[in-house]
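Fold and contact review
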Amino acid sequence: MTVLLTITILILTGIAVWQITKIFELSQIGLKKDDSQIATEKDNDLNGKLMFAFLVFIYLVTIYCFWAYTKVLLPESASEHGAIYDTLLWVSFAIILFAQTITQAVLHYFAYKYRGINNRKAYFFTHDNKLELIWTVIPAIIFFVLIIYGMITWGQIMNFGEEDEDDLVVELYAQQWNWKARYGGLDNVLGDANVRFLNDFDGKNAVGIDSSDPNGMDDFVVTQEFHLPVNRKVIFKMRSQDVLHSAYMPHFRAQMNCVPGMITEFSFTPTITTEEMRQNSDVVAKVNRINKIRYDKSQKLISKGEEGLDSYQFDYLLLCAKICGTSHFNMQMKIIVESEKDYKKWAVQQQTFSEIIQ
Amino acid sequence: MSASTNISNSNHDDHHHHKETWITKWIFSQDHKMIAKQYLIVGVLFMGFIGIAMSLLFRLQLAWPEQSFAVFDIFLGNWAPEGVMDPNIYLALITIHGTIMVFFVLTAGLSGTFSNLLIPLQIGARDMATGLLNMISFWLFFLSCMIMLASLFVEAGPAASGWTIYPPLSALPQAQPGSGMGMTLWLISMAIFIASSLLGSLNYIITVINLRTKGMSMFRLPLTIWAFLVTAIIGVISFPVLLSAALLLIMDRSFGTSFFLSDIFVQGEVLHYQGGSPVLFEHLFWFLGHPEVYIVILPALGITSEIIATNSRKPIFGYRAMIASILAIAFLSTVVWGHHMFISGMNPFLGSVFTFTTLLIAIPSAVKAFNYITTLWKGNLQFNPGMLFSIGLVSTFITGGLTGIILGDSTLDINVHDTYFVVAHFHLVMGISALYGLFAGVYHWFPKLFGRMMNKNLGYIHFWVTVISAYGVFFPMHFVGMAGLPRRYYTNTAFPYFDDLADINVVITIFSLLAGAAQLIFLYNFISSIFYGKKADQNPWKSTTLEWTAPVEHMHGNWPGEIPHVHRWAYDYSKPGHKDDFVTQTTPIGENEVETEH
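Residues numbered from 1 in each chain as written. Chains lettered and ligands numbered in written order. Predicted model: local features only at pLDDT ≥ 70, side-chain atom pairs only at ≥ 80, totals over all residues.

Time to look at the overall build of chain A. Helix and strand counts for chain A come out as 8 helices and 10 strands. Principal axes of the C-alpha set define a box for chain A whose edges measure 95 × 65 × 40 Å. Relative to its full complement of 358 residues, chain A shows a buried share of 34%. Here the contacts in chain A between residues at least 6 apart in sequence split such that 69% fall between residues at least 24 apart. (Helix = DSSP H or I, 4+ residues; strand = E, 2+ residues; numbered from the N terminus. Buried ≥ 20, exposed ≤ 12 C-beta atoms within 10 Å, placed from the backbone. Contact = placed C-beta atoms within 7 Å.)

Below you can see the structure in the form of structure tokens.
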């Protein structure tokens with residue numbers, strides 16, 4: 001049935017295109033004898049006006065997208081550096097939108113204004129050094145400011161290896177197609193690890209901890225979700241056991257690739273707990289929208305005799321952003337940000353490496 | 001210069017006595033015009049059709065995830081059980097779509113068609129410096145196309161690790177089905193492709209430097225030739241690096257070396273690889289990969305420079321600034337590759353360096369955009385389809401280029417890296433823009449290629465439907481990326497958090513289907529015009545450049561008599577003191593005339 005429908009639609013589309021072109025050609029008959037296929041004054045007039053209409057179209061699309069889609073964007077940043085990130089982002093966006101609005105306007109307005117008329121000669125104007133200097137220097141100044149601004153921010157975010165005893169160290173461990181997180185335990189130091197140890201202890205050594213390293217004995221590994229204390233800096237050490245992955249935590253404005261054979265790093269300080277974020281008005285609105293969509297879908301599924309969808313509750317996410325094979329699209333882990341007290345309570349409940357291998 | 005012209009003159013006489021058979025004329029031709037047509041038909045139309053069709057297939061999946069479609073059943077067969085696309089074939093489709101569009105259509109197709117057609121005709125040469133290498137270059141390209149297409153029929157599917165083929169995913173057949181035979185064929189195809197590209201590029205460089213006609217100094221060259229020359233130089237510098245990366249990857253895959261692999265555990269087994277690094281591959285890949293986007297866009301910009309000047313009936317504004325910006329872009333393009341790797345695990349200090357060089361490249365790009373706009377100012381614009389597409393290019397080049405400010409900034413890249421924001425950015429700035437340049441070139445030089453005119457009304461419909469739908473596809477896509485959705489996801493339904501993106505995805509897909517349909521109009525126009533188009537005049541667009549002084553009917557050696565000599569630059573449009581609004585390059589400077597200072 002669908003095959004038949006598709007074919008019918010394809011044929012009808014074909015006929016429609018054919019008819020439209022025929023109408024277009026018929027509308028030309030009698031209007032002019034010239035079939036040179038070179039633009040006439042009439043073509044110039046029509047297309048020049050369409051150029052102006054297209055400018056309006058660009059503006060309308062821009063306005064519509066900002067009006068309709070701003071709500072899907074990420075909510076306020078939940079990390080300390082995220083605030084500087086967002087400021088730089090919106091400064092850049094302001095410049096982009098300004099430049100886009102002006103240049104598109106000038107480009108399309110000129111296309112409209114100077115649409116060709118027979119017997120008019122264009123203005124012979126080959127170059128103007130002063131003008132060209134101006135529009136080389138102005139972007140240069142803007143970009144230099146942006147470069148310096150960006151570099152300073154980058155330095156603050158990557159903080160080039162500064163570490164403090166107090167910082168929480170968490171290993172994010174990637175494999176096809178799931179995430180694991182490892183904590184240093186009481187000593188907050190991660191034991192040495194390598195993929196060579198993965199098959200030790202009948203596969204119980206989930207991230208390949210080196211059992212000869214005493215630092216690793218109190219480490220614990222979690223799956224599905226990991227917890228972070230609020231307002232304490234977390235240093236993430238990323239590893240991968242098979243292919244490239246990328247640990248992407250969009251709500252914290254954080255991303256770093258996980259590369260087999262090396263340990264990569266990223267750090268941030270979470271500032272908003274999961275509970276607080278669930279109260280955020282943008283997030284509440286988004287969750288309501290999503291639940292409405294899910295409810296509608298569920299109704300359809302249930303009417304077909306299938307199981308409905310669960311309702312959705314907001315959680316911070318860790319996603320994979322680097323193509324990694326079949327289930328790349330479903331490589332996820334929940335992040336729970338909570339008070340230091342709750343975090344400690346959760347941490348002591350986890351099974352340490354020494355307990356697992358006993 | 002005159003010496004070399006004489007040499008090519010005498011060559012041409014020898015040529016004439018050769019007996020031409022059907023095979024040497026249509027298939028193994030060494031004539032640059034025939035090779036240009038071959039590239040156009042194989043590289044642009046045939047491969048382009050496949051590349052675009054693939055994008056429509058995966059757009060259907062993205063808008064209506066995991067639904068059954070008859071087209072999937074028809075085209076994907078076992079890879080779409082009961083018409084539902086398999087995740088592995090989704091990844092294969094995006095990989096091959098990217099590979100075909102970037103390399104086969106916009107590198108080989110675009111440069112192959114227009115460099116081959118225009119270099120000899122616009123500089124006043126009988127043919128390319130070496131027709132034999134040119135022919136070999138095309139047939140190597142053809143072979144690589146066939147191997148790439150053959151990989152679609154491998155049982156486990158074609159390569160599926162993205163067009164960037166990062167190892168270890170691409171290196172380990174255990175990691176995904178596409179990394180077996182499909183990946184091997186991908187690498188072989190690309191190695192042959194690179195050989196073809198290098199032969200072509202060397203030929204272009206040598207021809208431009210050695211075979212210019214009398215009077216054609218470097219600063220009298222049309223900007224098309226400057227763009228093709230610089231593109232060829234970037235190609236010669238960067239493509240060999242990709243070849244070495246591909247060879248090392250072949251070694252890792254087949255001969256057990258560890259250039260890119262280390263400490264890998266896959267399918268319950270520890271592999272022997274030690275000491276390599278995938279980051280090394282990323283460096284090698286992007287050392288080509290970034291210049292590659294300029295290899296794609298520079299010829300398109302060259303084509304538009306020429307078409308905008310001709311159809312504005314005005315000299316291109318700031319001719320020397322245009323050349324300087326092409327050169328600046330070319331130089332900078334080789335030192336910015338790290339902006340693809342800000343979060344790859346390389347030293348963050350390098351991030352600062354690459355942010356600096358990357359944002360610098362925006363300056364010559366901005367100069368180019370401003371110069372185009374000023375060229376339109378006080379012109380007498382003739383809206384032929386080629387002109388429309390050229391203005392379209394400037395528009396998308398600006399829109400797409402501006403978001404580069406975000407992606408080129410290491411800080412801002414963190415949160416939009418590998419999301420749909422990137423997809424939207426590069427499709428606008430190098431995909432759509434270069435395609436517009438390609439279309440502009442086809443409409444403009446169709447009379448030169450086939451001696452007939454394309455239908456302009458179909459051209460207008462093609463243009464307007466395409467520009468509107470291209471905006472409809474890629475503008476909303478920025479928001480999908482800013483919402484945090486990573487690219488190369490088979491579906492986003494695995495994350496309820498992204499459920500409210502479903503509407504945008506449907507909008508994007510509908511526009512992309514519309515854009516795809518518009519290309520059928522072009523295809524129809526192209527094919528029917530070859531046979532039934534109106535016969536073209538010798539110089540239909542009233543252009544100044546040399547190619548329009550050659551006869552409409554193609555002939556070996558391009559000009560029947562002596563090669564025309566050049567007396568002025570290529571942009572004497574609407575010059576005061578002349579009756580016509582164009583003065584061909586072959587017109588001597590008049591007695592009271594001053595040569596245009598440019």
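What follows is about the overall build of chain B. Of regular secondary structure, chain B possesses 18 helices and 2 strands. For 598 residues, the compact-globule formula gives about 25 Å, and the C-alpha radius of gyration of chain B, at 24 Å, lands near that figure. Expressed as lengths along the three principal axes of its C-alpha atoms, the size of chain B is roughly 85 × 50 × 50 Å. Relative to its 598 residues, chain B shows a buried fraction of 65%. (Rg over C-alpha atoms; globule rule 2.2 N^0.38 Å.)

Before going further, it helps to spend a moment on the pairing of strand E6 (residues 245-249) of chain A. All names here are of chain A. When you tally the buried positions in E6, you get 5 out of 5 residues, the bulk of the element. Side chains His245, Ala247 and Met249 project from E6 onto one buried face, and the interleaved Ser246 and Tyr248 project onto a second face that is buried too. One ladder, built from 5 bridges, connects E6 with strand E7 (residues 254-258); its direction is antiparallel. Opposite Tyr248, over in E7, you have Gln255 as the bridge partner. Hairpin connection between E6 and E7: a loop of 4 residues separates the two successive antiparallel strands, and Arg253 in this loop has a positive phi of roughly 55 degrees. Here E6 pairs with strand E9 (residues 316-320) via 2 bridges, running antiparallel. Note that in E9 the partner of Ala247 across the bridge is Cys320. (Pairing = 2+ DSSP bridges.)

Before going further, it helps to examine the domain arrangement of chain B. All names here are of chain B. The domain architecture assigned to chain B consists of domain 1 (1-11 + 32-261) and domain 2 (309-535). Each of domain 1 and domain 2 was reduced to a C-alpha centroid, and the two centroids are 19 Å apart. Each partner contributes to the interface: domain 1 provides 31 residues, whereas domain 2 provides 28 residues. For the side of domain 1 that touches domain 2, a count of residues per class yields 25 nonpolar, 3 polar and 3 charged. (Domains from an automatic or database assignment. Nonpolar A, V, L, I, M, F, W, Y, C, P; charged D, E, K, R; others polar.)

All right, on to the sheet that holds strand E3 (residues 220-223) of chain A then. Residue and element names in this part refer to chain A. What the 5 strands build is an open sheet, ordered E3-E2-E1-E5-E8; its pairing is mixed. Unpaired on one side and paired on the other, E3 and strand E8 (264-268) mark the two borders of the sheet. Strand-to-strand twist across the sheet, computed as the mean angle between neighbouring axes with direction ignored, equals 25 degrees. In this structure, strand E1 (residues 168-175) lies alongside strand E2 (residues 178-183), joined through 6 bridges in antiparallel fashion. What sits directly across from Leu172, in E2, is Ala181. (Axes fitted to C-alpha atoms, helices over the stretch in contact; angles between N-to-C directions.)

This part covers unusual backbone geometry. Cis rather than trans, the peptide bond between A:Gln176 and A:Trp177 has omega equal to -10 degrees. In this structure, A:Trp177 sits in the loop between E1 and E2. Phi angles above zero are rare outside glycine, and A:Phe201 is one such case at about 50 degrees. Following the sequence through the fold, A:Phe201 ends up in the loop between E2 and E3. Residue class for A:Phe201 comes out partly exposed when judged on the 15 C-beta atoms lying within 10 Å of it. Of note in the backbone geometry, B:Glu66 takes a positive phi value of approximately 55 degrees without being a glycine. Turning to its location among the elements, B:Glu66 is positioned in the loop between helix H3 (32-63) and helix H4 (70-76). Using a count of 11 C-beta atoms within 10 Å as the deciding quantity, one classes B:Glu66 as exposed.

Turning next to the sheet that holds E9(A). Residues and elements named next belong to chain A. Ordered in space as E4-E10-E9-E6-E7, the 5 strands form an open sheet in which the pairing is mixed. For this open sheet the edge positions go to strand E4 (225-229) and E7, each flanked by a neighbour on one side alone. Put simply, the sheet's adjacent strands are angled 25 degrees from each other on average, direction ignored. Lying on the sheet, helix H7 (residues 340-348) is in contact with E4 and strand E10 (332-338); it crosses E4 at an angle near 140 degrees.

This brings us to the nonpolar core. Taken as a class, soluble globular proteins show a tendency for nonpolar side chains to be buried jointly. Grouped together as the largest cluster of nonpolar side chains are 279 residues, with contacts concentrated most on A:Leu172 and A:Ala247. The biggest single contributor to this core is helix H5 (residues 87-123) of chain B, with 22 residues. Both domains that meet at this core, namely domain 1 (1-11 + 32-261) and domain 2 (309-535) of chain B, each give it at least three residues. Residues within four places of A:Leu172 in sequence aside, it is in contact with A:Trp179, A:Ala181, A:Phe236, A:Met238, A:Ala247 and A:Cys258. (Core = buried A, V, L, I, M, F, W, Y, C linked by C-beta atoms within 7 Å.)

A few words on the confidence of the model for chain B. Residues and elements named next belong to chain B. Averaged over all residues, the pLDDT of chain B equals 92, while 97% of them reach at least 70. Under a pLDDT of 50 for its full length, residues 1-17 has, in the predicted model, 18 contacts with residues more than four places off or in other chains. Scored as a whole, the predicted complex attains pTM 0.93, and scored at its interfaces, ipTM 0.92. (pLDDT = per-residue confidence, 0-100.)

All names here are of chain B. With respect to the helices and strands, Leu298 occurs in helix H9 (residues 278-312). When the C-alpha positions of Leu298 and Leu172 are compared, they lie 36 Å apart, and in sequence the two are 126 residues distant. Leaving out residues up to four positions away in the same chain, Leu298 has contacts with Ala227, Val230, Thr231 and Ile326.

Residues and elements named next belong to chain B. The N-to-C vectors of helix H13 (residues 385-402) and helix H17 (residues 456-482) enclose an angle of 15 degrees; their axes lie 9 Å apart at closest approach. It follows that H13 is roughly parallel to H17 by the angle criterion. H13 and H17 meet at a crossing whose hand is left-handed. Only Lys456, Gly459, Tyr460, Phe463, Val467 and Ala470 of H17 make contact with H13, whose side of the interface consists of Pro385, Leu388, Phe389, Gly392 and Thr396. (Parallel < 35°, antiparallel > 145°, perpendicular 65-115°, else oblique. Left-handed = near helix turned anticlockwise from the far one by under 90°.)

Another aspect to go through is the environment of B:Phe342. Looking at where B:Phe342 falls in the secondary structure, it is placed in the loop between helix H10 (319-333) and helix H11 (348-360). Each C-alpha atom, one on B:Phe342 and one on B:Asp413, is 7.4 Å from the other, the two residues being 71 residues apart in sequence.

Okay, the interface of chain A and chain B next. Contacts between chain A and chain B engage 110 residues on the former and 120 residues on the latter. Residue assignment for the side of chain A that touches chain B shows that the elements contributing at least two residues are helix H1 (2-28), helix H2 (41-69), helix H3 (80-113), helix H4 (129-158), E6, E7, helix H6 (281-303) and E9 of chain A. Here the side of chain A that touches chain B is built from residues that sort into 62 nonpolar, 34 polar and 14 charged.

Further remarks concern the environment of A:Glu132. Tracing the backbone through its elements, the reader meets A:Glu132 in helix H4. Using a count of 19 C-beta atoms within 10 Å as the deciding quantity, one classes A:Glu132 as partly exposed. In this structure A:Glu132 touches A:His127, B:Gly318 and B:Ala321, once residues within four positions along its chain are discounted.

The subject of this paragraph is the packing of H4(A) against helix H12 (residues 362-376) of chain B. Axis angle and axis distance: for two packed helices, these are the angle between their axes and the distance between the axes, and together they describe the pair. Running from N to C, H4(A) and H12(B) point in directions that differ by 140 degrees, and their axes come no closer than 9 Å. Relative to H12(B), H4(A) is oriented so that their crossing is right-handed. The residues of H12(B) that touch H4(A), namely those facing A:Trp135, A:Thr136, A:Pro139, A:Ala140 and A:Phe143, are B:Ala362, B:Ile363, B:Ala366, B:Val367 and B:Phe370. Split into classes, the residues belonging to the contact of H4(A) with H12(B) amount to 9 nonpolar, 1 polar and no charged.

It is worth spelling out helix H16 (residues 420-450) of chain B at this point. All names here are of chain B. Residue His444 marks the point of greatest curvature in H16, where the axis turns by about 50 degrees; the proline Pro447 follows within four residues. Buried residues dominate H16, accounting for 29 of its 31 residues. Immediately downstream of H16, the backbone of Gly451 shows phi near 70 degrees, a positive value. (Bend = angle between axes of the 7 residues up to and from the residue.)

Residues and elements named next belong to chain A. For E8, a buried count of 4 out of 5 residues is recorded, marking the element as mostly surrounded by other parts of the structure. Where strand E5 (residues 234-240) and E8 come together, 5 bridges link them in antiparallel fashion. Looking at the pairing, Phe236 lines up with Phe266 of E8.

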